[in-house]
Each structure stands twice: as structure tokens, then as C-alpha cells.
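Chain and residue survey
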Amino acid sequence: MYRRHVLCTLPWKPRLFNLTECLIMGHFKEGKMHEVKDLVNDMKTKGLFPKTETYDLLTEGHCKLKDFSGAYAWCKKMLKNGFVPNVSICKSLITGLREGGRSHDADVICSEINLKEKDDCRADEDASAVSKL
């Protein structure tokens, strides 16, 4: 069920999605954030874990609903699991956190993203150096 791809669009995100992502977007569209969390938990119990696109969708969905606490939580999980969020989604989250008086949380996200990107750059440099040998 979770691996099928279908054409599913929302005004802010037209592209090909897997069925789970379509269900997530539908729940967000209806404002059912609890169902989104339940769906992701169900995925995990079946051995399917979110990837970059799914985490981006989760973070963006919460941002669109002005739930920056939810967006922050998903972004933190995303970073913890080794993924870096999309730049425009990051900007929405950071702006929302700062406007909500949560500048410290916005700074934490910025710092973690910068650290992750530096680690990725180092890994690319190491791989490049190895390939030259």
C-alpha cells in the first residue's frame, strides 16, 4: 500500500507522490494533524521510515497551518535522522518561529542545518580526495 505512486497535487506542491504522502497531504488539508502523526507511526511499525521528501512535507504541512511547534518537532527529527530540509521550508519555519517569539529555536535549527551541511561537505571532500588517489 505504501509504495504505490499516484499523481496527487496541492496548490503548493504539484508533483508525483507516493500514496502515504497523498494521505498525509489530505490530512493536513483537513487540518487533521493527529491523523498525520498516526499515519507516520503506522508506517514505522511496518518498517517504512520517512525520507527527505516526507519530512519536508510534514514540516511544510505544519508551517502552512501555522503550527510551528509541530513543524519544529518534525524538522528536529529530520535533522536527527540525517536529512536536511528544503531551503524554502526552512525559511518558513524559521520565520514562523521568530515571529512567534521563539528565536532561540530558530537559531537551533539554523545551527543544526549549518553543522549538517558542513558534515556533508567534508564527506564530499573526503570522497573527492579518495577518488583522486
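What you see is a predicted model; the values in this text were computed from it and never measured. (Residues numbered from 1 in each chain as written. Predicted model: local features only at pLDDT ≥ 70, side-chain atom pairs only at ≥ 80, totals over all residues. Heavy atoms only, no water.)

**Description of the overall build of the protein**
Spelled out, the test is: Helix and strand definitions here come from DSSP, where helices need a minimum of 4 consecutive H or I residues and strands a minimum of 2 consecutive E residues; each element is numbered from the N-terminal end. For the exposure calls, accessible area comes from a 1.4 Å probe over protein chains only, and a residue counts as buried if that area is under 20% of its type's maximum, exposed if over 50%, partly exposed in between. Contact definition: two residues touch when any of their heavy atoms are within 4.5 Å.
For the protein, the count of helices and strands is 6 helices and 2 strands. Counting only residues that meet the buried cut, the protein has 36% of its 133 residues in that class. Sequence-distant contacts, at least 24 apart, represent 49% of the contacts inside the protein between residues at least 6 apart.

**Some points on helix α4 (residues 68–80)**
So the rule is basically this: One fewer than the residue count of a helix, multiplied by 1.5 Å, yields its expected span.
Look at α4: 18 Å from first C-alpha to last across 13 residues, which is about the 18 Å you get at 1.5 Å a residue. Along α4, the positions that sit buried rather than exposed are F68, G70, A71, Y72, W74, C75, M78 and L79. Note on α4: the residue one or two positions beyond its end, G82, has a positive phi of about 90 degrees.

**As for helix α3 (residues 52–64)**
Between its terminal C-alpha atoms α3 stretches 18 Å, which fits the 18 Å expected from 13 residues at 1.5 Å a residue. Among the 13 residues in α3, 10 count as buried, and that is most of the element. Among the residues making up α3, those that are buried are T54, Y55, D56, L57, L58, T59, E60, G61, H62 and C63. Packing partners of the buried residues in α3 comprise α1 (19–29), α2 (33–45), α4 and α5 (87–99). Where α3 ends, the next residue or the one after it, K66, has phi of about 65 degrees, a positive value.

**What to know about the packing of α1 against α2**
So the rule is basically this: Fitted lines through C-alpha atoms serve as axes, helices being fitted only where they are in contact, and the angles separating the N-to-C directions of these axes extend from 0 to 180 degrees. Each angle gets one of four labels, with under 35 degrees taken as roughly parallel, over 145 as roughly antiparallel, 65 to 115 as roughly perpendicular, and the rest as oblique. Crossing handedness is read from the near helix: turned anticlockwise from the far helix by less than a right angle, it gives a left-handed crossing, and turned clockwise, a right-handed one. Under this grouping Gly is polar, as are all residues other than the nonpolar Ala, Val, Leu, Ile, Met, Phe, Trp, Tyr, Cys and Pro and the charged Asp, Glu, Lys and Arg.
α2 packs onto α1 with a crossing angle of 160 degrees between their chain directions and a minimal axis gap of 8 Å. One element, α1, and the other, α2, form an angle in the roughly antiparallel class. Handedness of the crossing formed by α1 with α2: right-handed. For the pair α1 and α2, contact is made by T20, L23, I24, H27 and F28 and by M33, E35, V36, L39, V40 and M43, respectively. Per-class residue counts for the contact of α1 with α2 are 8 nonpolar, 2 polar and 1 charged.

**Quick look at the packing of aromatic side chains**
How we decide: Note on ring pairs: Phe, Tyr and Trp rings are taken, using the six-membered ring of Trp, and paired if centres are within 6.5 Å. Classes follow the plane angle, with under 30 degrees stacked, over 60 edge-to-face and the rest tilted. Counted as over-ring charges are cases with an Arg CZ or a Lys NZ within 6 Å of the ring centre that also lie within 35 degrees of the ring normal.
Taken as a whole and assessed by the stated rule, the structure comprises 2 aromatic pairs. Measuring from ring centre to ring centre gives 6.4 Å for Y55 and W74, while their planes differ by 55 degrees; the resulting arrangement is tilted. Here Y55, found in helix α3, pairs with W74, found in helix α4; they are 19 residues apart in sequence, far enough to count as distant. No difference in accessibility class separates Y55 from W74, as the two residues are buried. Aromatic side chains Y55 and F83 sit 5.7 Å apart centroid to centroid with 40 degrees between the ring planes, which places their arrangement in the tilted category. Of this pair, Y55 sits in helix α3 while F83 is found in the loop between α4 and α5, placing the two residues 28 residues apart along the sequence. The class of Y55 is buried, set by a relative accessible area of 2%. Across from the ring centre of W74, 4.5 Å away, lies the NZ or CZ of K77, which sits over that ring. Over the ring of Y72 we find R102; its NZ or CZ atom is 5.2 Å from the centre of that ring.

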